[in-house]
Number of protein chains: 2
Amino acid sequence: MSEETGFESGAKRLVELWGEIADLEATIQVLSWDQETYMPAAGQAARGSALGTLAGLRHAKLSQTELGDALAAAEACAESGTPTAALARSARRVVDKTRRIPADLARELARAQSRGHAAWRSAHAEANFALFAPDLENLVRLSRLEAQALADGTPAGDGGEAYDALLDKYEPGAKAAELEPLFRSLLAELTPLLQAVRATGTEIDESPLQGACPRDAQLAFGTRVAKAFGFDFDAGRIDRAPHPFCTSFGTGDVRITWRWNDTDFRPGFFGILHETGHALYEQGLPARWGRTPLGKPVSLGVHESQSRLWENLVGRSRSFWEWALPELHAHFPALSGVTLEQLWPALHTVKPSLIRVEADQGTYDLHVAVRFELERRLIAGDLAVSDLPGAWDEAYERTLGLSPAGPANGVLQDIHWSMAAFGYFPTYTLGNLMMAQLFEAARAELGDLDAAFARGEFAPLLDWLRRNVHGHGHRFRADELMRRATGQPLGAEAFLAQRKALTAEVYGVRV
Amino acid sequence: MSEETGFESGAKRLVELWGEIADLEATIQVLSWDQETYMPAAGQAARGSALGTLAGLRHAKLSQTELGDALAAAEACAESGTPTAALARSARRVVDKTRRIPADLARELARAQSRGHAAWRSAHAEANFALFAPDLENLVRLSRLEAQALADGTPAGDGGEAYDALLDKYEPGAKAAELEPLFRSLLAELTPLLQAVRATGTEIDESPLQGACPRDAQLAFGTRVAKAFGFDFDAGRIDRAPHPFCTSFGTGDVRITWRWNDTDFRPGFFGILHETGHALYEQGLPARWGRTPLGKPVSLGVHESQSRLWENLVGRSRSFWEWALPELHAHFPALSGVTLEQLWPALHTVKPSLIRVEADQGTYDLHVAVRFELERRLIAGDLAVSDLPGAWDEAYERTLGLSPAGPANGVLQDIHWSMAAFGYFPTYTLGNLMMAQLFEAARAELGDLDAAFARGEFAPLLDWLRRNVHGHGHRFRADELMRRATGQPLGAEAFLAQRKALTAEVYGVRV
């Protein structure tokens, strides 16, 4: 057994071979990061070609007979419950996913995604669903074939559905049938909560928060807080990009991006806190397993739980702002008159809206619920693409009480389906539920976190997350991780309790 | 034959396979660029591992039987003098160089370079040659083995020496015996010129050029001039790095770096002009051959000719400054009183110095001559590493009339030998000679370039270089390229004539 990694010696060859795959994956991330941050426009053709070559090399390495043999050897020597067993299981998952997709289907999917993305852009720009419909039909058809191929060889009769194989790409082990009751609880409680808020007629005045926020001051403020949260800038950085994201080339090199609004510090600031949450997870993964699949994040849901926890439960808390408000004043003279009583409620507005990415914390999951319902029906073959716009509008009316003014603000608003990313949306809501449940468990163990936040101390919380989430890498699946960290299976209770408490405090309503 | 590339169809498979090699090479360049510009310190381990994996993959691709067969097929169908023949020749060169180095030797060399570099750093910091000597001995020994391996299979009895095989890595086709008379001419004429300058006792006053130069203003001024020279910023960029360099990921993505001095604009500015010269070459290479060895630069000497031409013959010319001086004034209020009569001579100071990288244009090649002489003797076995410090000091005394105060300013000043880069130094001087001869030919064809420079017009010169140098890619070797562009083989005459004219004008001396 290796002292350093805890792996049996029978896994040695697997670890060696996987190191090259991990290097290729990190390289692809570097090229993609550069493409989004610094690459000049004319570099696109060469970059596309390089990325294609690297993806091909990764695929070839994953398909090698030698890797299969090394994996079988690791499986043979792995005792249940050991790191070696977890390594073999997570490696098996990646290898099988790669091998089950026939080369023709992979090529067809890549082509369909590329075309679908272009068609979606035009359709979105012209607010014309018909321009996207044929591509979407093709993407649904191919995704069903992909789901079939991925499910091939999995135990029969497990009550799953085709959609599960797609969901599993983003949230290993998740099943639609298990998500359904979670979404049902959310709809059952968030919808009346939203109605109660609307019934109060309260409009929170956000105008005190508007004011000139020079770019450099915004970056300095965001960096100050990211550092206070624990982002290690010797092992990471922040750069400008058209869309905020986090990417990792290893635990020693984790990068986030941001964009900003010149007259409102909030989009830039909370964007940085969100990506910092992702970055803290990546920086906290076990470096000793870094070049194996065990050194990777568990799932998109777990990842999102970390970004949302730091953005929303820390960064929007009253206690955090007790510490941060003087910093805000110091960084932005235009906001030097803002009080906690003006600021804090404006960070917790609840209002139904049409656009998911602009939705507040009280309505976000309703947007996700619509997408989960519709994409599941599309993949099951219960909903035709031609019926999708009508089904979308009906679902928004039913769920948020709003009628989209047209497809650009409705069925065409998201990029995901144009890239065949069916099964991705639910991970946003899983992230919210995990966030709330993890935070509750941390508070139960650590006591009064608010007092620490008000002093600008975030290390106790980060340490708890390192011990209970980050440090395990991909050793446990999300369900087991949640059980270990919180003592319970994942549920919606903690999240709903937090939403209710906030709504009561901000709007004075109880349901 | 392909319409686009001009290659015979028999070369098709070679071009396809080479595309992946070119993609890997571009990827290595992206990772290296990021390492020098933005990578956080803790990213080093993962980056080293990724670069090692990519180098291994490139090596494996170059060693593939399929590539060898495709190359043989291209050679079989290539008619002499066609692009296909040039493609096959340049591909053959790379493939043979790769295959001739046994894997053990390649590994030993890589290890020796890594250790040698570390030993050199300590030795340089402590000014103690003994700390580097054992590693340097090993590097010389391995480089001689490398030269033997590389020469294996080349025509016997061509009068070459072991050193030629190393030189050829950087300057394809160059021979030490042909460089020797060039260096002899330079020494014979530059040394008396230097003595004559010293005899005048003239000291040029550089103090008017000192003054506060804020970083952003320096970058703006450098960018302004780089654009005027023709640097396409839609296909390139400038970033900060500890050392200035130029790198290319394809003709559409060429990047340079810079550093600056807060009280003297010259190091930063001429650094940008130098790297812009490199970048103009890379941006002007034939894009249709971009993913083949034919789309690459001819040699380091030709590359250096381009950087030096733009930096020294354009950027230090009086006519250029007639246009640029108002720009200088506008960018740097602290320098608003500087006149052309103060500025121009200070750009042409000639003074013997100990450090090559700080040497002026009148003495630079004397530094190179010392290194050429000594490294050639090391590789030939005529000079022992233990005798190198003494030989170095003797050569500096003889050539520049100076005695190094110690090894840090003497034999330990350069990084090159610690990386086994024997044969690299002469390309700096080849660059100077090519620069002068190309510029003379351009002037003979285009007429009064000075009038254009004084109006800020550089396109006629760039166009000439595109037609005569950049646009050919690697189709011709340096000697043929020079003959085609200038009508003559490479000589020292043009360079010496320019040096003499400048020295006469600045110092009033003639020899």
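Draft legend 1. Region of the structure containing the overall build of chain A. Each helix and strand in chain A was counted, giving 20 helices and three strands. Whereas a compact globule of 511 residues would reach a radius of gyration of roughly 24 Å, chain A reaches 23 Å, a difference of no more than 12%. Projected onto its principal axes, the C-alpha coordinates of chain A cover approximately 65 × 55 × 50 Å. In chain A, which comprises 511 residues, the share counted as buried stands at 44%. Counted over contacts in chain A with a minimum sequence separation of 6, partners at least 24 positions apart contribute 72%.

Draft legend 2. Broad picture of the sheet that holds strand β2 (residues 246-248) of chain B. Residues and elements named next belong to chain B. Pairing in this open sheet of three strands is mixed, and the strands run β1-β3-β2 from one edge to the other. Each edge of the sheet is formed by a strand with only one pairing partner; in this case those strands are β1 (236-240) and β2. Neighbouring strand axes in the sheet, compared pairwise and without regard to direction, differ in orientation by 20 degrees on average. Sheet strands touched by helix α10 (residues 265-284): β1, β2 and β3 (254-258). Its angle to β3, the strand with the most contacts, is close to 170 degrees.

Draft legend 3. Quick peek at the interface of chain B and chain A. Across the boundary between the two partners, chain B contributes 30 residues, which contact 30 residues of chain A. Examining the composition of the side of chain B that touches chain A, we find that eight residues originate from one element, helix α1 (residues 12-37) of chain B, more than from any other. Class assignment for the residues of the side of chain B that touches chain A results in 17 nonpolar, seven polar and six charged.

Draft legend 4. Looking closely at the sheet that holds strand β1 (residues 236-240) of chain A. Residue and element names in this part refer to chain A. Taken in spatial order, the three strands of this open sheet run β1-β3-β2, and their pairing is mixed. The open sheet has two free edges, formed respectively by β1 and β2 (246-248), since each of these has just one partner strand. For this sheet the average axis-to-axis angle between neighbouring strands, irrespective of direction, equals 20 degrees. Looking at chain direction, β1 and strand β3 (residues 254-258) are connected through five bridges and run parallel. The partner of Gly236 across the bridge, within β3, is Val254. Lying on the sheet, helix α1 (residues 12-37) is in contact with β1, β2 and β3; it crosses β2 at an angle near 145 degrees.

Draft legend 5. Representation of the relation of the copies chain B and chain A within the structure. With an RMSD of 0.0 Å, the operation that places chain B on chain A is a rotation of 180 degrees combined with a shift of 0.0 Å along the axis. Those values place the two copies in the arrangement expected of a two-fold rotation axis. Here 100% of the interface residues in chain B have copies in chain A that are interface residues too; the copies meet face to matching face.

Draft legend 6. Structural context of the nonpolar core. If you look at the biggest cluster of nonpolar residues, it comprises 102 residues, and the most contacted ones within it are Phe229, Ile379, Leu433, Met434 and Leu438 of chain A. Once residues lying within four places of it in the same chain are set aside, the contact partners of Leu433 of chain A are Leu182, Leu490, Ala492 and Phe495 of chain A. Core analysis: the second largest hydrophobic core is formed by 100 residues, Leu136, Phe229, Leu280 and Tyr364 of chain B among them.

Draft legend 7. Representation of the packing of helix α14 (residues 364-380) of chain A against helix α16 (residues 426-446) of chain A within the structure. Residues and elements named next belong to chain A. One way to put it is that α14 packs onto α16 with a least axis distance of 8 Å and a crossing angle of 140 degrees. Between α14 and α16, the angle is such that the two are oblique. Taken as a pair, α14 and α16 cross one another with a handedness that is left-handed. Between α14 and α16, the contacting residues are Asp365, Val368 and Phe372 on the first element and Pro426, Tyr428, Thr429 and Asn432 on the second. The residue inventory of the contact of α14 with α16, partitioned by class, reads four nonpolar, two polar and one charged.

Draft legend 8. Seen up close, the domain arrangement of chain A. Residues and elements named next belong to chain A. Assigned domains of chain A: these are domain 1 (1-100) and domain 2 (207-351 + 447-484). Look at where the C-alpha atoms of domain 1 and domain 2 centre, and you get two points 29 Å apart. Looking at the side of domain 1 that touches domain 2, the elements with two or more residues in it are α1 and α4 (83-100). At 11 residues, the largest contribution of residues to the side of domain 1 that touches domain 2 is made by α1. The class makeup of the residues in the side of domain 1 that touches domain 2 is 11 nonpolar, six polar and two charged.

Draft legend 9. Layout of helix α11 (residues 300-314) of chain B. Residue and element names in this part refer to chain B. Here α11 contains 15 residues, and its C-alpha end-to-end distance of 20 Å stays within 8% of the 21 Å for a straight helix at 1.5 Å per residue. Along α11, the sharpest change in direction is near 35 degrees and occurs at Arg308. Across the 15 residues of α11, 15 count as buried, placing the element largely inside the fold.

Draft legend 10. Geometry of the environment of Gly222 of chain B. Residues and elements named next belong to chain B. With respect to the secondary-structure elements, Gly222 resides in helix α9 (residues 215-229). C-alpha separation for the pair Gly222 and Val357, spaced 135 residues apart in sequence, amounts to 20 Å. Sequence-distant contacts of Gly222, that is, excluding residues within four places in its chain, are made with Trp258, Gly268, Phe269 and Ile272.

Draft legend 11. Highlighting the pairing of β3 of chain A. Residue and element names in this part refer to chain A. With five of five residues buried, β3 is to be regarded as a mostly interior element. Burial of the side chains of β3 extends over both faces: Val254, Ile256 and Trp258 are buried on one face and Arg255 and Thr257 on the other. Direction of pairing for β2 relative to β3: antiparallel, over a ladder of three bridges. Across the sheet, the residue bridging to Ser248 is Val254, located in β3. What sits between β2 and β3 in their antiparallel hairpin is a turn of five residues, with Gly250 showing a positive phi close to 130 degrees.

Draft legend 12. Just the confidence of the model for chain A, in detail. Chain-level pLDDT for chain A is 95 on average; 98% of the residues reach the 70-or-more range. The ipTM for the predicted assembly is 0.93, set against a pTM of 0.94.

Draft legend 13. Highlighting helix α18 (residues 459-468) of chain B. All names here are of chain B. Residues of α18 that are buried: Leu461, Leu462 and Leu465. The buried residues of α18 occupy an angular sector of 100 degrees when the element is viewed end-on, so they sit on one face. Elements in contact with the buried residues of α18: α9, α10, α11, α16 (426-446) and α17 (449-454).

Draft legend 14. Broad picture of the packing of helix α2 (residues 44-63) of chain B against helix α4 (residues 83-100) of chain B. All names here are of chain B. Put simply, α2 and α4 touch, their axes get as near as 9 Å, and they point 110 degrees apart. Taken together, the axes of α2 and α4 are roughly perpendicular relative to one another. Contact residues: His59, Leu62 and Ser63 in α2; Val94, Val95, Thr98 and Arg99 in α4. Grouping the constituent residues of the contact of α2 with α4 by class yields three nonpolar, three polar and one charged.

Definitions and cut-offs
- Residues numbered from 1 in each chain as written.
- Chains lettered and ligands numbered in written order.
- Predicted model: local features only at pLDDT ≥ 70, side-chain atom pairs only at ≥ 80, totals over all residues.
- Helix = DSSP H or I, 4+ residues; strand = E, 2+ residues; numbered from the N terminus.
- Rg over C-alpha atoms; globule rule 2.2 N^0.38 Å.
- Buried ≥ 20, exposed ≤ 12 C-beta atoms within 10 Å, placed from the backbone.
- Contact = placed C-beta atoms within 7 Å.
- Pairing = 2+ DSSP bridges.
- Axes fitted to C-alpha atoms, helices over the stretch in contact; angles between N-to-C directions.
- Nonpolar A, V, L, I, M, F, W, Y, C, P; charged D, E, K, R; others polar.
- Least-squares fit on C-alpha atoms with pLDDT ≥ 70 in both.
- Core = buried A, V, L, I, M, F, W, Y, C linked by C-beta atoms within 7 Å.
- Parallel < 35°, antiparallel > 145°, perpendicular 65-115°, else oblique.
- Left-handed = near helix turned anticlockwise from the far one by under 90°.
- Domains from an automatic or database assignment.
- Expected span 1.5 Å × (residues − 1).
- Bend = angle between axes of the 7 residues up to and from the residue.
- pLDDT = per-residue confidence, 0-100.
- Arc of directions from axis to C-beta.

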